[in-house]
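Reading the structure
Below, each chain spelled out in residue letters.
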Amino acid sequence: MSERSAAPLNFPEFNDSADLVRRHKESLFPSVGLNYSEPIELRRGERQFVFDGAGRQYLDFFGGIATVSSGHAIPEINDPIKAQLDRMIHSSTLFLIRSQIELAERIREMTPPKLNKVFFTNSGTEANEAALLVTTLNRNSNELIALRHGYHGRSFATINASGQRPWRSSSLSPLHVHYVGNPYCYRCPWEKTYPSCDMLCARDVEAVIRTTTSGNPAAFIAEPIQGVGGFITPPAEYFVRVKEILDRYGIPFISDEVQSGWGRTGVANFGFQAYNVEPDVIVFAKGLANGIPIGGIAATDELASSIRSLSLSTFGGNPIATTAALANLNFIATNNLRENARVVGAHLKSRLHELAERHQVIGDVRGMGLMVGVELVKDRATKVAAPEIALKLMDAAKIRGLLVGKGGLHANVIRICPPLIITTGDVDAAIDILDAALVAATAA
Ligand code: PMP
(Lines give C-alpha, C1' and ligand atoms only; values in the text may rest on other atoms or scores of the structure.)
Protein backbone atom coordinates (compact mmCIF):
# COMPACT_ATOMS: atom_id res chain seq x y z
CA MET A 1 0.00 0.00 0.00
CA SER A 2 1.37 3.38 -0.92
CA GLU A 3 1.41 6.32 1.49
CA ARG A 4 -0.89 9.18 0.57
CA SER A 5 -0.87 12.64 2.01
CA ALA A 6 -3.96 13.17 4.12
CA ALA A 7 -6.52 15.52 2.63
CA PRO A 8 -7.76 18.29 4.96
CA LEU A 9 -10.75 17.01 6.89
CA ASN A 10 -13.90 18.99 7.51
CA PHE A 11 -14.99 16.66 10.28
CA PRO A 12 -13.45 15.80 13.63
CA GLU A 13 -10.28 13.70 13.69
CA PHE A 14 -11.54 11.55 16.50
CA ASN A 15 -13.93 8.70 16.81
CA ASP A 16 -17.40 10.16 17.45
CA SER A 17 -19.32 7.20 16.00
CA ALA A 18 -21.48 6.78 19.12
CA ASP A 19 -22.66 10.38 18.72
CA LEU A 20 -23.25 9.83 14.99
CA VAL A 21 -25.41 6.78 15.80
CA ARG A 22 -27.54 8.98 18.08
CA ARG A 23 -27.85 11.68 15.40
CA HIS A 24 -28.60 9.06 12.72
CA LYS A 25 -31.47 7.74 14.85
CA GLU A 26 -32.74 11.25 15.46
CA SER A 27 -32.80 12.45 11.84
CA LEU A 28 -32.99 9.50 9.45
CA PHE A 29 -35.79 7.11 8.58
CA PRO A 30 -35.94 4.24 11.09
CA SER A 31 -36.25 1.75 8.19
CA VAL A 32 -32.63 2.45 7.24
CA GLY A 33 -30.59 0.10 9.43
CA LEU A 34 -26.92 0.08 10.35
CA ASN A 35 -24.50 -2.84 10.48
CA TYR A 36 -22.80 -3.91 13.73
CA SER A 37 -23.69 -3.64 17.40
CA GLU A 38 -21.37 -0.61 17.38
CA PRO A 39 -21.76 0.98 13.92
CA ILE A 40 -18.72 2.64 12.38
CA GLU A 41 -18.09 5.50 10.00
CA LEU A 42 -15.81 4.65 7.10
CA ARG A 43 -13.87 7.85 6.62
CA ARG A 44 -11.31 6.86 4.05
CA GLY A 45 -10.61 4.05 1.64
CA GLU A 46 -7.55 2.90 -0.23
CA ARG A 47 -7.82 0.06 -2.74
CA GLN A 48 -9.17 -2.95 -0.76
CA PHE A 49 -8.79 -1.23 2.63
CA VAL A 50 -11.02 1.19 4.53
CA PHE A 51 -10.38 3.21 7.70
CA ASP A 52 -12.80 4.22 10.45
CA GLY A 53 -13.01 7.33 12.60
CA ALA A 54 -10.44 5.96 15.05
CA GLY A 55 -8.02 5.32 12.17
CA ARG A 56 -8.49 1.55 12.37
CA GLN A 57 -7.83 -0.29 9.12
CA TYR A 58 -10.17 -2.95 7.74
CA LEU A 59 -9.95 -5.33 4.81
CA ASP A 60 -13.11 -4.50 2.89
CA PHE A 61 -14.83 -7.73 1.85
CA PHE A 62 -18.20 -6.08 1.23
CA GLY A 63 -17.28 -3.25 -1.16
CA GLY A 64 -20.19 -0.99 -0.23
CA ILE A 65 -22.67 -3.77 -1.08
CA ALA A 66 -20.90 -5.07 -4.20
CA THR A 67 -20.59 -1.51 -5.47
CA VAL A 68 -16.95 -0.50 -5.06
CA SER A 69 -16.16 -2.90 -7.87
CA SER A 70 -12.52 -2.03 -8.55
CA GLY A 71 -11.37 -0.56 -5.24
CA HIS A 72 -11.26 2.59 -3.14
CA ALA A 73 -9.53 5.82 -4.21
CA ILE A 74 -7.97 4.43 -7.36
CA PRO A 75 -6.23 7.31 -9.17
CA GLU A 76 -6.94 5.88 -12.66
CA ILE A 77 -10.66 6.12 -11.82
CA ASN A 78 -10.75 9.19 -9.57
CA ASP A 79 -8.55 11.48 -11.68
CA PRO A 80 -10.89 11.49 -14.72
CA ILE A 81 -13.84 12.09 -12.35
CA LYS A 82 -12.07 15.06 -10.75
CA ALA A 83 -11.19 16.50 -14.16
CA GLN A 84 -14.82 16.15 -15.30
CA LEU A 85 -15.99 17.78 -12.06
CA ASP A 86 -14.00 20.88 -12.96
CA ARG A 87 -15.12 20.87 -16.62
CA MET A 88 -18.88 20.25 -16.31
CA ILE A 89 -21.00 18.58 -13.64
CA HIS A 90 -24.41 18.71 -15.23
CA SER A 91 -26.02 19.69 -18.49
CA SER A 92 -29.13 17.40 -18.61
CA THR A 93 -29.97 14.82 -21.20
CA LEU A 94 -31.30 17.60 -23.46
CA PHE A 95 -27.71 18.20 -24.51
CA LEU A 96 -25.18 15.86 -26.02
CA ILE A 97 -23.10 14.18 -23.34
CA ARG A 98 -20.01 12.64 -24.90
CA SER A 99 -19.25 10.25 -22.02
CA GLN A 100 -22.88 9.07 -21.96
CA ILE A 101 -22.81 8.18 -25.65
CA GLU A 102 -19.41 6.50 -25.29
CA LEU A 103 -20.63 4.49 -22.31
CA ALA A 104 -23.76 3.37 -24.18
CA GLU A 105 -21.53 2.23 -27.06
CA ARG A 106 -19.22 0.45 -24.63
CA ILE A 107 -22.15 -1.33 -22.97
CA ARG A 108 -23.43 -2.43 -26.37
CA GLU A 109 -20.02 -3.95 -27.09
CA MET A 110 -20.19 -5.89 -23.81
CA THR A 111 -23.75 -7.19 -24.19
CA PRO A 112 -25.48 -9.46 -26.74
CA PRO A 113 -25.93 -7.77 -30.14
CA LYS A 114 -29.72 -7.72 -29.92
CA LEU A 115 -29.53 -5.43 -26.84
CA ASN A 116 -28.67 -2.33 -28.78
CA LYS A 117 -30.41 0.45 -26.86
CA VAL A 118 -29.38 1.82 -23.46
CA PHE A 119 -31.27 3.99 -20.97
CA PHE A 120 -29.44 5.45 -17.96
CA THR A 121 -30.82 5.96 -14.47
CA ASN A 122 -29.30 6.71 -11.06
CA SER A 123 -29.94 3.50 -9.15
CA GLY A 124 -30.82 -0.16 -9.48
CA THR A 125 -34.39 0.48 -8.38
CA GLU A 126 -34.93 3.01 -11.13
CA ALA A 127 -33.27 0.72 -13.64
CA ASN A 128 -35.69 -2.08 -12.75
CA GLU A 129 -38.55 0.41 -13.01
CA ALA A 130 -37.39 1.17 -16.56
CA ALA A 131 -37.22 -2.56 -17.38
CA LEU A 132 -40.72 -3.06 -15.99
CA LEU A 133 -42.02 -0.04 -17.88
CA VAL A 134 -40.78 -1.19 -21.29
CA THR A 135 -41.88 -4.79 -20.88
CA THR A 136 -45.33 -3.96 -19.48
CA LEU A 137 -45.88 -1.40 -22.25
CA ASN A 138 -44.65 -3.77 -24.93
CA ARG A 139 -46.83 -6.63 -23.82
CA ASN A 140 -49.76 -4.50 -22.64
CA SER A 141 -49.74 -6.43 -19.38
CA ASN A 142 -49.06 -5.63 -15.73
CA GLU A 143 -48.28 -9.24 -14.89
CA LEU A 144 -44.76 -10.20 -13.87
CA ILE A 145 -43.18 -13.54 -13.00
CA ALA A 146 -40.57 -13.18 -10.27
CA LEU A 147 -38.54 -15.47 -8.06
CA ARG A 148 -39.14 -15.94 -4.37
CA HIS A 149 -36.17 -14.59 -2.39
CA GLY A 150 -35.37 -12.13 -5.19
CA TYR A 151 -34.73 -8.42 -4.59
CA HIS A 152 -35.25 -5.73 -7.19
CA GLY A 153 -35.56 -2.41 -5.35
CA ARG A 154 -37.40 -0.22 -2.89
CA SER A 155 -39.91 1.60 -5.12
CA PHE A 156 -43.62 0.93 -5.31
CA ALA A 157 -43.36 -1.52 -8.22
CA THR A 158 -39.98 -3.10 -7.46
CA ILE A 159 -40.85 -3.86 -3.83
CA ASN A 160 -43.58 -6.07 -5.14
CA ALA A 161 -41.29 -7.71 -7.66
CA SER A 162 -39.14 -8.74 -4.68
CA GLY A 163 -39.88 -12.04 -2.98
CA GLN A 164 -38.36 -11.03 0.34
CA ARG A 165 -40.76 -10.39 3.21
CA PRO A 166 -38.26 -8.32 5.28
CA TRP A 167 -37.95 -5.80 2.43
CA ARG A 168 -41.62 -5.65 1.40
CA SER A 169 -42.91 -2.52 3.09
CA SER A 170 -45.96 -2.39 0.84
CA SER A 171 -47.98 -4.57 -1.48
CA LEU A 172 -49.93 -1.70 -3.04
CA SER A 173 -48.09 -2.09 -6.32
CA PRO A 174 -49.13 -1.40 -9.91
CA LEU A 175 -47.80 -4.87 -10.75
CA HIS A 176 -49.54 -8.17 -10.51
CA VAL A 177 -46.72 -10.53 -9.58
CA HIS A 178 -46.64 -14.32 -9.74
CA TYR A 179 -43.82 -15.76 -7.65
CA VAL A 180 -42.13 -18.97 -8.68
CA GLY A 181 -40.14 -21.22 -6.35
CA ASN A 182 -36.48 -20.28 -6.51
CA PRO A 183 -33.53 -22.48 -7.46
CA TYR A 184 -32.24 -22.67 -3.89
CA CYS A 185 -30.77 -26.16 -3.74
CA TYR A 186 -29.66 -25.88 -0.12
CA ARG A 187 -33.27 -25.22 0.88
CA CYS A 188 -35.21 -26.58 -2.08
CA PRO A 189 -38.80 -25.30 -1.88
CA TRP A 190 -39.93 -28.82 -2.83
CA GLU A 191 -37.38 -30.53 -0.58
CA LYS A 192 -35.93 -32.31 -3.62
CA THR A 193 -32.31 -33.04 -4.36
CA TYR A 194 -30.43 -31.85 -7.42
CA PRO A 195 -30.14 -33.31 -10.07
CA SER A 196 -32.77 -35.99 -9.47
CA CYS A 197 -35.33 -33.14 -9.07
CA ASP A 198 -35.16 -32.66 -12.88
CA MET A 199 -35.25 -28.92 -12.20
CA LEU A 200 -38.71 -28.75 -10.71
CA CYS A 201 -38.01 -25.08 -9.96
CA ALA A 202 -37.52 -24.31 -13.67
CA ARG A 203 -40.58 -26.33 -14.61
CA ASP A 204 -42.56 -24.36 -12.01
CA VAL A 205 -42.31 -21.34 -14.33
CA GLU A 206 -44.47 -23.11 -16.89
CA ALA A 207 -46.90 -24.32 -14.23
CA VAL A 208 -47.29 -20.74 -12.96
CA ILE A 209 -47.79 -19.35 -16.48
CA ARG A 210 -50.46 -21.95 -17.19
CA THR A 211 -52.31 -21.73 -13.91
CA THR A 212 -52.08 -18.29 -12.37
CA THR A 213 -51.57 -15.79 -15.20
CA SER A 214 -53.85 -14.43 -17.89
CA GLY A 215 -51.50 -16.13 -20.34
CA ASN A 216 -49.74 -12.89 -21.24
CA PRO A 217 -47.21 -11.92 -18.56
CA ALA A 218 -45.11 -8.87 -19.38
CA ALA A 219 -41.82 -10.46 -18.30
CA PHE A 220 -39.90 -12.88 -16.15
CA ILE A 221 -37.38 -11.17 -13.87
CA ALA A 222 -34.50 -12.83 -12.03
CA GLU A 223 -31.05 -12.18 -10.64
CA PRO A 224 -28.54 -14.74 -11.99
CA ILE A 225 -27.30 -14.97 -8.40
CA GLN A 226 -29.76 -13.69 -5.81
CA GLY A 227 -27.90 -10.96 -3.95
CA VAL A 228 -30.01 -9.82 -1.02
CA GLY A 229 -31.41 -13.36 -0.97
CA GLY A 230 -27.99 -14.55 0.24
CA PHE A 231 -26.02 -15.24 -2.96
CA ILE A 232 -28.31 -18.10 -3.89
CA THR A 233 -26.70 -19.63 -6.97
CA PRO A 234 -28.92 -21.65 -9.34
CA PRO A 235 -27.70 -24.93 -10.85
CA ALA A 236 -26.01 -24.68 -14.26
CA GLU A 237 -29.04 -25.52 -16.44
CA TYR A 238 -31.66 -23.50 -14.54
CA PHE A 239 -31.83 -20.50 -16.85
CA VAL A 240 -31.59 -22.59 -20.04
CA ARG A 241 -34.64 -24.56 -18.91
CA VAL A 242 -36.52 -21.40 -17.92
CA LYS A 243 -35.62 -19.56 -21.13
CA GLU A 244 -36.87 -22.45 -23.22
CA ILE A 245 -40.26 -22.08 -21.48
CA LEU A 246 -40.27 -18.28 -21.79
CA ASP A 247 -39.49 -18.48 -25.51
CA ARG A 248 -42.40 -20.83 -26.11
CA TYR A 249 -44.74 -18.26 -24.56
CA GLY A 250 -42.94 -15.22 -26.02
CA ILE A 251 -42.19 -13.79 -22.58
CA PRO A 252 -39.16 -11.45 -22.24
CA PHE A 253 -36.45 -12.29 -19.71
CA ILE A 254 -35.15 -9.42 -17.55
CA SER A 255 -31.75 -10.25 -16.05
CA ASP A 256 -31.19 -8.11 -12.95
CA GLU A 257 -27.40 -7.78 -12.99
CA VAL A 258 -27.26 -5.07 -10.34
CA GLN A 259 -24.96 -7.19 -8.16
CA SER A 260 -23.63 -9.76 -10.63
CA GLY A 261 -22.54 -7.45 -13.45
CA TRP A 262 -19.20 -6.11 -14.68
CA GLY A 263 -17.08 -9.21 -14.13
CA ARG A 264 -17.85 -9.93 -10.49
CA THR A 265 -18.73 -13.56 -11.19
CA GLY A 266 -15.33 -14.06 -12.83
CA VAL A 267 -16.94 -15.94 -15.71
CA ALA A 268 -17.94 -13.13 -18.04
CA ASN A 269 -19.14 -9.54 -17.95
CA PHE A 270 -22.59 -10.53 -16.69
CA GLY A 271 -24.08 -13.25 -14.55
CA PHE A 272 -26.43 -14.61 -17.23
CA GLN A 273 -23.43 -15.50 -19.40
CA ALA A 274 -22.45 -18.19 -16.89
CA TYR A 275 -25.80 -19.80 -17.70
CA ASN A 276 -25.56 -19.63 -21.51
CA VAL A 277 -28.77 -17.70 -22.06
CA GLU A 278 -29.51 -14.30 -23.58
CA PRO A 279 -31.89 -11.97 -21.78
CA ASP A 280 -34.09 -9.39 -23.50
CA VAL A 281 -33.25 -6.73 -20.92
CA ILE A 282 -30.16 -6.34 -18.76
CA VAL A 283 -30.54 -4.24 -15.61
CA PHE A 284 -27.35 -2.74 -14.18
CA ALA A 285 -26.30 -0.33 -11.41
CA LYS A 286 -24.09 -0.65 -8.30
CA GLY A 287 -20.60 -1.59 -9.50
CA LEU A 288 -20.62 0.09 -12.91
CA ALA A 289 -19.06 3.37 -11.72
CA ASN A 290 -17.11 2.01 -8.70
CA GLY A 291 -19.45 3.77 -6.25
CA ILE A 292 -20.62 6.86 -8.13
CA PRO A 293 -24.44 6.50 -8.46
CA ILE A 294 -25.48 5.09 -11.82
CA GLY A 295 -27.96 2.56 -13.16
CA GLY A 296 -29.62 1.65 -16.39
CA ILE A 297 -30.88 -0.96 -18.78
CA ALA A 298 -29.80 -2.40 -22.10
CA ALA A 299 -32.77 -3.62 -24.12
CA THR A 300 -33.81 -4.69 -27.59
CA ASP A 301 -34.86 -2.08 -30.14
CA GLU A 302 -38.42 -3.28 -29.89
CA LEU A 303 -38.60 -2.90 -26.11
CA ALA A 304 -36.84 0.46 -26.18
CA SER A 305 -39.41 1.71 -28.70
CA SER A 306 -42.29 0.74 -26.41
CA ILE A 307 -42.08 4.13 -24.71
CA ARG A 308 -44.05 6.30 -27.13
CA SER A 309 -44.40 9.37 -24.95
CA LEU A 310 -41.51 11.61 -23.93
CA SER A 311 -39.24 10.31 -21.19
CA LEU A 312 -35.99 11.34 -19.57
CA SER A 313 -34.06 11.08 -16.33
CA THR A 314 -32.60 14.45 -15.29
CA PHE A 315 -29.47 12.92 -13.80
CA GLY A 316 -29.49 9.65 -15.75
CA GLY A 317 -26.26 9.33 -17.73
CA ASN A 318 -24.81 12.55 -16.31
CA PRO A 319 -21.23 13.53 -17.15
CA ILE A 320 -19.75 12.61 -13.77
CA ALA A 321 -21.36 9.17 -13.48
CA THR A 322 -20.68 8.16 -17.07
CA THR A 323 -17.07 9.42 -16.93
CA ALA A 324 -16.63 7.38 -13.73
CA ALA A 325 -18.17 4.31 -15.37
CA LEU A 326 -15.89 4.54 -18.42
CA ALA A 327 -12.82 4.94 -16.19
CA ASN A 328 -13.93 2.01 -14.05
CA LEU A 329 -14.57 -0.26 -17.04
CA ASN A 330 -11.13 0.70 -18.38
CA PHE A 331 -9.54 -0.15 -15.04
CA ILE A 332 -11.33 -3.50 -14.86
CA ALA A 333 -10.23 -4.37 -18.41
CA THR A 334 -6.65 -3.07 -18.16
CA ASN A 335 -6.02 -4.90 -14.90
CA ASN A 336 -7.85 -8.05 -15.95
CA LEU A 337 -10.00 -7.88 -12.82
CA ARG A 338 -12.56 -10.32 -14.16
CA GLU A 339 -9.88 -12.98 -14.40
CA ASN A 340 -8.69 -11.92 -10.95
CA ALA A 341 -12.24 -12.42 -9.67
CA ARG A 342 -12.24 -15.93 -11.13
CA VAL A 343 -8.87 -16.96 -9.71
CA VAL A 344 -9.09 -15.26 -6.32
CA GLY A 345 -12.76 -16.22 -6.03
CA ALA A 346 -11.91 -19.90 -6.57
CA HIS A 347 -9.25 -19.64 -3.86
CA LEU A 348 -11.75 -17.95 -1.53
CA LYS A 349 -14.32 -20.69 -2.05
CA SER A 350 -11.85 -23.49 -1.47
CA ARG A 351 -10.56 -21.81 1.72
CA LEU A 352 -14.16 -21.37 2.93
CA HIS A 353 -14.81 -25.07 2.29
CA GLU A 354 -11.79 -25.77 4.49
CA LEU A 355 -13.32 -23.58 7.21
CA ALA A 356 -16.57 -25.52 6.85
CA GLU A 357 -14.71 -28.70 7.77
CA ARG A 358 -13.83 -27.18 11.13
CA HIS A 359 -16.95 -25.11 11.85
CA GLN A 360 -20.25 -26.98 12.00
CA VAL A 361 -22.24 -23.72 11.78
CA ILE A 362 -21.27 -23.36 8.12
CA GLY A 363 -24.15 -25.07 6.33
CA ASP A 364 -23.42 -24.00 2.76
CA VAL A 365 -20.74 -22.20 0.75
CA ARG A 366 -21.87 -20.97 -2.68
CA GLY A 367 -21.41 -18.35 -5.34
CA MET A 368 -19.23 -17.48 -8.29
CA GLY A 369 -16.08 -15.41 -8.56
CA LEU A 370 -16.05 -12.71 -5.90
CA MET A 371 -19.72 -13.11 -5.02
CA VAL A 372 -19.60 -15.77 -2.34
CA GLY A 373 -22.13 -16.62 0.37
CA VAL A 374 -21.69 -18.59 3.59
CA GLU A 375 -24.97 -19.79 5.07
CA LEU A 376 -24.88 -20.23 8.85
CA VAL A 377 -27.03 -22.80 10.62
CA LYS A 378 -27.51 -23.95 14.19
CA ASP A 379 -27.15 -27.54 13.17
CA ARG A 380 -26.30 -29.11 9.82
CA ALA A 381 -28.94 -31.82 10.06
CA THR A 382 -31.90 -29.52 10.73
CA LYS A 383 -30.50 -26.51 8.81
CA VAL A 384 -32.16 -24.14 11.30
CA ALA A 385 -30.97 -20.64 10.38
CA ALA A 386 -28.52 -18.97 12.77
CA PRO A 387 -28.98 -15.19 12.36
CA GLU A 388 -27.61 -14.52 15.87
CA ILE A 389 -24.34 -16.24 14.94
CA ALA A 390 -24.18 -14.14 11.77
CA LEU A 391 -24.49 -10.97 13.87
CA LYS A 392 -21.81 -12.11 16.31
CA LEU A 393 -19.56 -13.23 13.47
CA MET A 394 -19.78 -9.85 11.77
CA ASP A 395 -18.90 -8.05 15.01
CA ALA A 396 -16.07 -10.48 15.75
CA ALA A 397 -14.65 -10.11 12.23
CA LYS A 398 -14.89 -6.33 12.45
CA ILE A 399 -12.87 -6.06 15.65
CA ARG A 400 -10.24 -8.25 13.97
CA GLY A 401 -10.07 -5.97 10.92
CA LEU A 402 -12.42 -7.55 8.35
CA LEU A 403 -15.73 -6.22 7.01
CA VAL A 404 -18.22 -8.66 5.47
CA GLY A 405 -21.91 -8.32 4.63
CA LYS A 406 -25.02 -10.21 5.54
CA GLY A 407 -28.16 -11.28 3.69
CA GLY A 408 -30.70 -14.02 3.20
CA LEU A 409 -34.35 -14.19 4.14
CA HIS A 410 -33.34 -15.24 7.66
CA ALA A 411 -30.35 -12.84 7.84
CA ASN A 412 -28.05 -15.83 8.30
CA VAL A 413 -25.90 -15.63 5.18
CA ILE A 414 -22.50 -13.93 5.25
CA ARG A 415 -22.03 -12.13 1.95
CA ILE A 416 -18.54 -11.66 0.58
CA CYS A 417 -18.26 -9.30 -2.40
CA PRO A 418 -14.99 -7.36 -2.12
CA PRO A 419 -13.47 -4.97 -4.65
CA LEU A 420 -12.18 -7.05 -7.54
CA ILE A 421 -8.53 -6.07 -6.92
CA ILE A 422 -8.15 -8.26 -3.84
CA THR A 423 -5.37 -10.83 -3.83
CA THR A 424 -5.11 -14.43 -2.66
CA GLY A 425 -3.04 -13.01 0.23
CA ASP A 426 -6.02 -10.87 1.24
CA VAL A 427 -8.21 -13.98 1.11
CA ASP A 428 -5.80 -15.88 3.37
CA ALA A 429 -5.78 -12.96 5.83
CA ALA A 430 -9.60 -12.85 5.76
CA ILE A 431 -9.86 -16.62 6.30
CA ASP A 432 -7.64 -16.40 9.40
CA ILE A 433 -9.89 -13.66 10.75
CA LEU A 434 -13.09 -15.56 9.90
CA ASP A 435 -11.67 -18.67 11.55
CA ALA A 436 -11.03 -16.80 14.82
CA ALA A 437 -14.32 -14.89 14.50
CA LEU A 438 -16.26 -18.15 14.05
CA VAL A 439 -14.68 -19.50 17.25
CA ALA A 440 -15.65 -16.29 19.08
CA ALA A 441 -19.16 -16.19 17.60
CA THR A 442 -19.97 -19.76 18.58
CA ALA A 443 -18.38 -19.76 22.05
CA ALA A 444 -20.95 -20.55 24.72
N1 PMP B 1 -31.54 -5.18 -7.87
C2 PMP B 1 -30.67 -5.87 -7.12
C3 PMP B 1 -30.31 -7.26 -7.55
C4 PMP B 1 -30.10 -5.32 -5.97
O5 PMP B 1 -29.25 -6.03 -5.24
C6 PMP B 1 -30.45 -3.99 -5.62
C7 PMP B 1 -29.85 -3.32 -4.39
N8 PMP B 1 -29.50 -4.13 -3.35
C9 PMP B 1 -31.36 -3.31 -6.42
C10 PMP B 1 -31.88 -3.93 -7.54
C11 PMP B 1 -31.75 -1.91 -6.09
O12 PMP B 1 -30.68 -1.05 -6.31
P13 PMP B 1 -30.63 0.39 -5.61
O14 PMP B 1 -30.44 0.16 -4.15
O15 PMP B 1 -29.46 1.05 -6.29
O16 PMP B 1 -31.90 1.08 -5.92
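Residues numbered from 1 in each chain as written. Predicted model: local features only at pLDDT ≥ 70, side-chain atom pairs only at ≥ 80, totals over all residues. Heavy atoms only, no water.

Remarks on helix α10 (residues 319-334)
Where we set the bar: Helix numbers and strand numbers start at the N terminus; a helix is a DSSP run of H or I with at least 4 residues, a strand a run of E with at least 2. Expected span of a helix, by definition, is 1.5 Å for each gap between consecutive residues, and there is one gap fewer than residues. When accessible area is computed with a 1.4 Å probe and restricted to protein chains, residues below 20% of their type maximum are described as buried, those above 50% as exposed, and intermediate ones as partly exposed. Under the rule applied, a polar contact is a pair of N or O atoms within 3.5 Å (in protein, one hydrogen donor and one hydrogen acceptor; residues adjacent in sequence only if both atoms are side-chain atoms).
Between its terminal C-alpha atoms α10 stretches 22 Å, which fits the 22 Å expected from 16 residues at 1.5 Å a residue. Along α10, 13 of the 16 residues are buried, which leaves the element largely enclosed by surrounding structure. The opening residue of α10, the one whose side-chain oxygen lies 3.0 Å from the backbone nitrogen of Ile 320, is Asn 318. Backbone geometry just downstream of α10 places Asn 336 in the positive-phi region, at approximately 55°.

Section: the side chain of Asp 280
This is how it is decided: The contact criterion used throughout is that any non-hydrogen atoms of two residues lie within 4.5 Å.
With respect to the helices and strands, Asp 280 occurs in the loop between β8 (253-256) and β9 (281-284). With a relative accessible area of 14%, Asp 280 lands in the buried category. Polar side-chain contacts of Asp 280 include one of 3.2 Å to the side chain of Lys 114. In terms of polar contacts, Asp 280 uses its side chain to reach the backbone amide nitrogen of Phe 253, at 2.8 Å. If near-sequence neighbours (up to four positions away) are discounted, Asp 280 is found in contact with Lys 114, Leu 115, Lys 243, Ile 251, Pro 252, Phe 253, Ala 298, Ala 299, Thr 300 and Leu 303.

Re the domain arrangement of the protein chain
Heads up, the condition is: For the domains described, the bounds stem from an automatic or database domain assignment. The quantity reported as buried area is the accessible area (1.4 Å probe) lost by two parts once they are put together, taken as the sum for both. Put simply, a salt bridge is a Lys or Arg side-chain nitrogen that is within 4 Å of an Asp or Glu carboxyl oxygen. Each residue is assigned to one class: nonpolar for Ala, Val, Leu, Ile, Met, Phe, Trp, Tyr, Cys and Pro, charged for Asp, Glu, Lys and Arg, and polar for all the others, Gly among them.
Taken domain by domain, the protein chain holds domain 1 (12-70 + 337-441) and domain 2 (77-334). Using only C-alpha atoms to locate each centre, domain 1 and domain 2 end up separated by 25 Å. Each partner contributes to the interface: domain 1 provides 36 residues, whereas domain 2 provides 35 residues. Taken over both partners, the interface formed by domain 1 and domain 2 buries close to 3000 Å², and the fraction arising from carbon and sulfur atoms is 58%. Of all residues in domain 1, the largest losses of buried area upon contact with domain 2 belong to Arg 338, Met 368 and Met 371, amounting jointly to 26% of the total for that side. Run the count over domain 1 and domain 2 and you get one salt bridge. Put simply, Arg 187 and Glu 375 hold a salt bridge, and the shortest N to O gap is 2.7 Å. Across the domain 1-domain 2 interface, the total number found is 21 residue pairs in polar contact (both at pLDDT 80 or more). When contributions to the side of domain 1 that touches domain 2 are tallied by element, the ones reaching two or more residues are α2 (63-66), α11 (337-358), β11 (362-368), β12 (371-376) and β15 (413-416). Class assignment of the residues belonging to the side of domain 1 that touches domain 2 gives a composition of 19 nonpolar, 10 polar and seven charged.

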